[in-house]
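Coordinates in review
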Amino acid sequence: MDKVDELYKDYFHDVYLYIRSLSADEHLAEDITQETFFRAMKSVDNFRGDCDIRVWLCQIAKNLLYTHGKKCGRFTGEEVPETLPDSKTSIEDMVADGEQSMEIHRVLHTLSEPYKEVFTLRVFGELSFRQIGDIFGKTESWARVSFHRAKLKIIEELEVQK
């Protein structure tokens, strides 16, 4: 049971944030995250170790979210969407606006690594998540999560400056 307690303590927040970003529903994210660790507990001894444990947990969580979505009729496609539609202006649209672009650049330079570089490679370098993951020696999922976190940090900082 120590393995599961350690996994829970170390990765609960990461898995929760990942599912929260996909679902946009904090209660659903909590439920899916709890179920993820329940499933992980049942199969932790079968974990082969051919990927990062965080990736394994996020994959379990994503599959649970997808299954839940299919049951509720929310997702009809083959995959969980990469991002959910946002009623606000996207960060990419803000970069296109000259004045807002300068503000984003100012905030971007205050970010810590790897967020700064992942954001830059994705938005300005127009690299795929797979390419970004390869540059860092990480997975495509890691690149997606890092980019998403960078966007959230930038948006949060921009809102503080208003």
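Our subject in this report is the structure included herewith. Sequence order as written defines the numbering, with residues in each chain counted from 1. For a predicted model such as this one, the threshold for reporting local features is a pLDDT of at least 70, and the threshold for listing and counting side-chain atom pairs is 80 or more; totals across whole chains, interfaces and linings nevertheless cover every residue. Based on all heavy atoms of the structure, the side-chain values leave hydrogens and waters out of the count.

**Topic: unusual backbone geometry**
The linkage connecting Glu 113 with the following residue, Pro 114, adopts the cis geometry, with an omega of 5°. Numbering of helices and strands runs from the N terminus, with a helix taken as a DSSP run of H or I at least four residues long and a strand as a DSSP run of E at least two residues long. Along the chain, Pro 114 turns up in the loop between α5 (98–108) and α6 (115–123).

**Quick notes on the packing of α6 against helix α7 (residues 129–136)**
Two measures define how a pair of helices packs: the angle their axes make with one another and the distance between the axes. For the pair α6 and α7, interaxial distance at closest approach is 10 Å and the crossing angle is 140°. The angle between the axes of α6 and α7 places the two elements in the oblique class. By crossing handedness, the relation of α6 to α7 is classed as right-handed. When α6 is examined against α7, the residues Glu 117, Val 118, Leu 121 and Arg 122 are found in contact with a partner set consisting of Phe 129, Ile 132, Ile 135 and Phe 136. Between N-to-C directions, angles span 0 to 180 degrees; the directions come from axes that are lines fitted to C-alpha atoms, helices contributing only their stretch in contact. Angular relationships are summarised with four words: roughly parallel below 35 degrees, roughly antiparallel beyond 145, roughly perpendicular across 65 to 115, and oblique for the angles in between. Note: crossing handedness is left-handed where the near helix turns anticlockwise from the far helix by less than a right angle, and right-handed where it turns clockwise. Any pair of residues with heavy atoms lying within 4.5 Å of one another is described as a contacting pair.

**Some points on helix α8 (residues 140–161)**
Quick reminder: α-helices carry 3.6 residues per turn. Residues three or four places apart thus point the same way. Its 22 residues place the ends of α8 32 Å apart at the C-alpha level, agreeing with the 32 Å of an ideal helix rising 1.5 Å per residue. Along α8, the residues that are buried comprise Ala 143, Val 145, Ser 146, Phe 147, Ala 150, Lys 151, Ile 154 and Leu 158. In this scheme, a helix's expected span is set at 1.5 Å multiplied by one less than its residue total. Partly exposed describes any residue whose relative accessible area lies between the buried limit of under 20% and the exposed limit of over 50%, with all areas from a 1.4 Å probe on protein chains only and scaled to the type maximum.

**A few points about the pattern of salt bridges**
The working definition used for a salt bridge is a side-chain nitrogen of Lys or Arg within 4 Å of a carboxyl oxygen of Asp or Glu. According to the stated counting rule, one finds five salt bridges in the structure shown. Between Asp 14 and Arg 149 there is a salt bridge, with its nearest N and O atoms 3.3 Å apart. You can see Asp 14 sitting in helix α1 (residues 2–23) and its partner Arg 149 sitting in helix α8, a full 135 residues away along the chain. Here Arg 130 makes a salt bridge to Glu 140, at a shortest N to O gap of 3.0 Å. Here the residue Arg 130 occupies a position in helix α7, and Glu 140 occupies one in helix α8, the gap between them amounting to 10 residues. Relative accessible area serves as the criterion here: at 53%, Arg 130 is assigned to the exposed category. In this structure Glu 140 comes out as partly exposed when scored by relative accessible area, which is 26%. Ionic contacts of the salt-bridge type, sharing partners, join the residues Asp 14, Arg 54 and Arg 149 into one network.

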